Amino acid sequence: MGLDGEIADHNYPAVERCAYELWGLVDSEQVRRAVDTVALLTAVRDGHPLPAASVDRLMNGLKDFGASHPTLTQEAYDQEFQAAMDRAEGIWKETYDDG
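Summarised in this report is the structure supplied together with it. (Residues numbered from 1 in each chain as written. Predicted model: local features only at pLDDT ≥ 70, side-chain atom pairs only at ≥ 80, totals over all residues. Heavy atoms only, no water.)

## Let's talk about unusual backbone geometry
Apart from glycine, the bulk of residues carry a negative phi angle, and the bulk of peptide bonds sit in the trans form.
Here comes step 1: Of note, the phi angle at His10 is positive, near 60°, even though the residue is not glycine.
Here comes step 2: Relative to the elements of secondary structure, His10 occurs in the loop between α1 (3–8) and α2 (12–25).
Here comes step 3: Look at His10 and you get exposed, because its relative accessible area is 53%. (Helix = DSSP H or I, 4+ residues; strand = E, 2+ residues; numbered from the N terminus. Buried < 20%, exposed > 50% of the residue type's maximum accessible area, 1.4 Å probe, protein only.)

## What to know about helix α3 (residues 28–46)
It helps to recall that an α-helix has 3.6 residues per turn; residues three or four apart then point in one direction.
Here comes step 1: Given a rise of 1.5 Å per residue, 19 residues ought to cover 27 Å, and the 27 Å separating the end C-alpha atoms of α3 matches this to within 8%.
Here comes step 2: Gly47, located one to two residues past α3, shows a positive phi value of around 75°. (Expected span 1.5 Å × (residues − 1).)

## A few points about the environment of Glu6
Here comes step 1: Along the chain, Glu6 turns up in helix α1.
Here comes step 2: Taking relative accessible area as the criterion, Glu6 reaches 9% and is therefore assigned buried.

Dropping the structure here:
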């Protein structure tokens, strides 16, 4: 199930897991280069002077933040999977089990 499905189902632990996974995909060096490029191209397009201040100062804060961001372990994934299996079994018993 995708992130949109987890949000629709109000499955907040799964949404949090997806957010952590997405955060882990962000490479601050790649983001810095992209922001530098956008700033330069925007200045050229709009006829403004080229940016004198480097975006590096802004990105340094992101690097510190990223290092302190928690990541999920295999144990946490296993627990989430087991909880989902338990929920599914409960729904199955509620729906199909005649006692």
